[in-house]
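# Coordinate analysis (summary)
Chain by chain, the residues run as shown.
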Amino acid sequence: MVQDQNGVLKYVESVMCHQCQRNDKGRVVRCQKCHTKRYCVPCMTTWYPNMTERMFAECCPVCLDNCNCKSCLRDVLPKVKNKIDFKPSADQKVQYSIYILHVLLPFLKRLNEEQENEKRIESEIQGCALSDVQLTMVDCSLDERMYCDCCKTSIFDLHRSCPKCNYDLCLQCCRELREGNLQGNKEVVINSVQFENPGAGYLHGLKVDKYHRKFINFHKSKSPKENTCPDWKFLTDGRIPCPPESMGGCGCGILLLMHIKPLDKIPTLLKDTENLLKVHKLEDDMRKMPKEWCTCSDLVNESQLRKAASRQHSNDNYLYCPRAVDIKSGDLKHFQWHWSKGQPVIVSNVLETTLGLSWEPMVMWRAFRQIANVNHDQLLDVAALSCLDWCEIDVNVHQFFKWYTEGKYDNEGWPEILKLKDWPPSSLFEERLPRHGVEFITSLPFKEYTHPRDGYLNLAVKFPETSLKPDMGPKTYIAYGVSQELGRGDSVTKLHCDMSDAVNVLTHTATVTPDSDHTEKINDLKAKHKAQDLKELFGIDVNNQSKGENDTLSTTSNESNESPLNNEGCDEIECITDKVQEIDVEGKRSRKSDHQKQNINAEKILKCAKVESECITDEVQEIDVEGKRSRKRSCRKQNINIKKKLKCAKVEKTDSPHGEETKNHDRINGSYVDRFDLEGGGALWDIFRREDTSKLEEYVKKHFTEFRHIYCRPLQQVIHPIHDQTFYLTTEHKRKLKEEFGIEPWIFVQKLGDAVFIPAGCAHQVRNLKSCIKVALDFVSPENVGECIRLTEDFRVLPNNHRAKEDKLEVKKMALYAVDAAVHDLKYPTETSEEPKPAKAKPLKKQPPKKKRRKTKNT
C-alpha cells in the first residue's frame, strides 16, 4: 500500500524480481499460476535463456521447482526433497534380498573358510579342540576403522594383534607369512629425477635455461628398486612373532588371534543364508541367462544399442544404451543381464527426467558461493590441475568458470587445460550444492543400484547409521577441453580402474574453438613437441643434423619422382608422426626399440614436404622398399638408402580398429576420431574389458618410456600400469595395442545427458572434447563384489607409498553388512519400521590413524 497525491492509500503491485530481489530493472513478468512470483527481463535472459516470457507467465521457475536464485539454491523445499525418495516396497525387499543372498553366498563361504582355517591353527597352538579355542574380543566401535599394519587392508573381524604394541595383522598376511611369500609390505624406491622441474620452456620443446638444463635426462632409467624387508618368519608351531621396529612392531611380542564380531556371527549368517535360499528360490538369475534371452542381442532393437568396438568373433561389440524416459520396471532385468557380463551401460538423455535445474557454471558458482559465505569456510579459491605438466595451480572459482566457456592459452599460445577434481571440496556434495545434489539423484537411472540412500541393491548403503563409511560421492569433475587430440596437455582422465562400480553423468558442455591465430601456434608447437619426442623418447635429434646429411637428403629426394623434397619451403618437423615410422627393409619386419644402437640418419624417417596440418596424424607412416614390408624393431647399425617412397599425403583410414571405412583418423580440425562425429559429443571414452587387463598391462610395461607425466617429463618407471594413473593411450597407441596384442576397448562418445555405467574392474580413460561438467557416483552392486575384492587384493600388494595403496572401500565389511540386512528382511518381511538412514560419510584420512590401546575382554 502506498499513498497517492491526496494521501489516499492505494494498492500497487510489487515489481520486485524474485531472482535478483530488485525493483529497478524495469518490466517484470508475473506468474499466472502462483500469482506471487515475478521475474525481470534481464534475469530471464541471463539465467533462463531457454525459457520464453510466455513460459514464465504460464508457470514460473519456482512453480517448476527449478529456480536458480540464491534463496532456492540454498534452501531446498520439502516437496523437492521428497522427489528423491526411493524406498522399495515390502515385496521388492524380499525379491532383492533373495538376489543379494544368492549372489553373495560364495563370498560368505570363502570368508567363513578363511576364518575357520585360522581358528584351526590357533587350536593347534593352544592344544585344544576347535570348539574350545579361547580368543580375545577387541573393543572396536563402529566409527573406528582398523587397518592391517602390514598391508594397510581394512580389518573387520578376525586378526592377530600384539598385546604389547597393538601391531595388527590381517589373516591374509598371516597366511602369506607362513607360506614365505609376504606380499603386502613392499617398499619401492621412487625415482626422484622425474619429479624435478626442468622449467617452463621444456613443456613445448623450447630452449631451457642453464639452471634447469641439469634436470633433463633423456636416458631410460632403470627399473624401480624394492627395499627388502627384514627377516620376519613365523615359529614352527604356527605362532607369529611381532615384527621388528623397522616394520612398525616391537619385535618382542607374539601376535594373538583376536576378533571384533561375535565368534559365531559369520557361521550363523552362513547357516541362515543357506536355509533361507532353500525356502526362497530365485526366479531369474540374469547372470546365467543365455544370449538369446536379451532382446537386443539379435540387433532387432537397434535403438537401444550403440556400437563401440569391432572385435572379431565377439558378441559384445554393441553396448546396451536405452533412453532414460523409455526405461520401464521390467528393464531392470535387462540391465542386470548386461551388467552381470561386465559390460558398460549407457543411458541417454537422463536430464530429461529431472526438474530442469540449470547446470551452467555460473549458476553452480553462485550456489556454492552462497553456501560458502553463509555456512562454511571461505572456499572461493581452489586448486586446479594443469593437464600439461600435471601440477596444481591456485585459481579463483569465478575466474576458472569464465575460462571454462571462453578458453585459456599460455604464453606460447597453447591451450591451457585445467581441471577441478572432486569439487566442491567436501566429502558430501549435497552439503555444498544441496539443490544440485537433488537434481543429480533425480537424474540417476536404475536407482535400485545407484541411489546413494535408498538403493536396495547398492551395497554401499548397508553400513549402520553410526559407522564410518567410505565416501562414495556424488562428486563433480569439471575440466576444459578441445575436440582436437593435442597429444600433449589434453584434457584427460588417465588410464585407471575405480575401486567400485560408478555412474558418470555429463550435465553440461561448452564449446571452445581456437581462432586462426591460436590454431597456427598450436600447429607450430605440435611440430616442436614431435621433434622433442623423437629426441627424448627415440634418441633421434632432428635439430642437429650436419650440413652434409642435409645435402645428401636433398639430392636423394630430388631423384625421387614421387616425393620431391624442398628444404627451403618445408617444415621438416610438421610431418613427423608421433611414433617411429615403418620402413620395409629386405622383407623383414622390425621395430626400433634400442635407439642407442642405431646409426640411421633422422632424415630417413622424416617427411620433408610442406603440407597442411591435416598431414599430422597419430598413425605410423609406412615406407615400401622393393615391394617388401618390414617394421624396424631393432636397428643393427645399418645404413639405409633414402631412395624410398615417402608418403606425405593425407591417409584415408580404411582399416580402423572398428573395421569400417571412416574419415581421417583424428583430423586436425578435431571433428572425427575413428568413425565418431565429435561435434555433438562432450567426452571420448575408452573402457577395456576385464579379460583384456593382463594384455593391457603388458603393453603399457613394454611402451611406458613413450609416455610423459609430471612436468611433461618422460616417465622413468612404472609401478603398476593401471593403478599409477600416469598413462593415456592416444589414437596411435590404441592402434598399436590392437596390432601387437589383439585387444581394443569399447570406444564411444558421451553426449550431454548421457549416464555412463562403468563396472568395477574395467580399466578406462576419458578425453574431454569440450569443456565439461560431469557428476559421478560410486556404488557397489552384488554382481561385482568379487571384482571389488580382486581390486582390493591388487591395492594391498602395491608399495606402501603408492597413491592407491589404502583400502578405502572396505568391501568385505560392506558385503557382510549387506548379507546381514538381507537375512533380516527375509526373516521379518512384514516388519514396517523404516531402516535407519545411513550415516553421513566422514572424510577419509590420508593415512590410517594410529591405534590406541583398546580395551579387550575374553570370550
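The structure displayed is predicted, hence computed values, not measured ones.

When its secondary structure is counted, the chain shows 21 helices and 31 strands. Buried positions account for 56% of the 859 residues belonging to the chain. Sequence separation of at least 24 residues holds for 76% of the intrachain contacts in the chain that already meet a minimum separation of 6. Per element, the accessible surface of the chain, about 39,300 Å² overall, is 48% carbon and sulfur.

This brings us to empty space enclosed by the protein. Empty space among the atoms becomes visible once a probe the size of a water molecule is rolled across them. For the coordinates displayed, the defined rule picks out eight cavities of 30 Å³ or more. Considered as a void within the structure, the second largest cavity measures approximately 240 Å³ in volume. As for the second largest cavity, its lining consists of 21 residues, of which T153, S154, F156, C170 and K812 are closest to the centre. Breaking the lining of the second largest cavity down by element, the ones donating at least two residues are α6 (90–126), β7 (154–155), α7 (171–178), α20 (785–796) and α21 (811–827). When grouped by side-chain class, the residues that make up the lining of the second largest cavity number seven nonpolar, six polar and eight charged.

Once that is clear, we can look at the confidence of the model for the chain. A residue-level look at the chain finds 73% of positions with pLDDT of 70 or above and a mean pLDDT of 79. Below pLDDT 50 for its whole length, residues 218–222 participates in 10 contacts with residues either more than four positions away or in separate chains. Predicted confidence is poor over residues 833–859, with pLDDT under 50, and the contacts of this stretch with residues over four places away or in other chains come to 68 contacts.

Attention now moves to the pairing of strand β29 (residues 764–768). Counting buried positions over the five residues of β29 gives five, a clear majority of the element. Burial of β29 is two-sided: the residues H764, V766 and N768 facing one way and the residues Q765 and R767 facing the other way are all buried. Two strands pair when backbone bridges link them, and strand β20 (residues 492–496) and β29 are joined in this way by three bridges, in the antiparallel orientation. Among the inter-strand pairings, H496 is bridged to a residue of β29, identified as H764. Pairing analysis gives five bridges linking strand β26 (residues 681–687) to β29, with the strands arranged antiparallel. Across the sheet, the residue bridging to A683 is N768, located in β29.

Another point: the sheet that holds β26. Read from one edge of the open sheet, four strands run β20-β29-β26-β27, paired in antiparallel fashion. Sheet topology places β20 and β27 (746–751) at the edges, where each strand pairs with a single neighbour. The mean angle between the axes of side-by-side strands here comes to 15°, regardless of whether they run parallel or antiparallel.

Looking at helix α18 (residues 693–703), one finds that the buried residues are T693, L696, E697, Y699, V700 and H703. Along the axis of α18, the buried positions cluster into a sector of 160°, meaning they face one direction only. Summarising the contacts, the buried residues of α18 are in contact with β20 and α19 (731–741).

Turning our eyes to something else, we now look at the nonpolar core. Core analysis: the biggest nonpolar cluster contains 122 residues, and F335, F400, W423, L696 and F757 have the highest contact counts within it. Residue contributions to this core peak at 12 residues, all from α6. C151, I155, C162 and C242 belong to the second largest nonpolar core, which has 21 residues in total.

Reading the values: rules and limits
- Residues numbered from 1 in each chain as written.
- Predicted model: local features only at pLDDT ≥ 70, side-chain atom pairs only at ≥ 80, totals over all residues.
- Heavy atoms only, no water.
- Helix = DSSP H or I, 4+ residues; strand = E, 2+ residues; numbered from the N terminus.
- Buried < 20%, exposed > 50% of the residue type's maximum accessible area, 1.4 Å probe, protein only.
- Contact = heavy atoms within 4.5 Å.
- Areas by Shrake-Rupley, 256 points an atom, 1.4 Å probe, with all protein chains shown as cover.
- 1 Å grid on protein atoms, 1.4 Å probe; cavity = no way out; pocket = protein on both sides within 12 Å on 5 of 7 lines; lining within 4 Å.
- Points joined across faces, edges and corners; volume = space filled by probe spheres on them.
- Nonpolar A, V, L, I, M, F, W, Y, C, P; charged D, E, K, R; others polar.
- pLDDT = per-residue confidence, 0-100.
- Pairing = 2+ DSSP bridges.
- Axes fitted to C-alpha atoms, helices over the stretch in contact; angles between N-to-C directions.
- Arc of directions from axis to C-beta.
- Core = buried A, V, L, I, M, F, W, Y, C linked by side-chain atoms within 4.5 Å.

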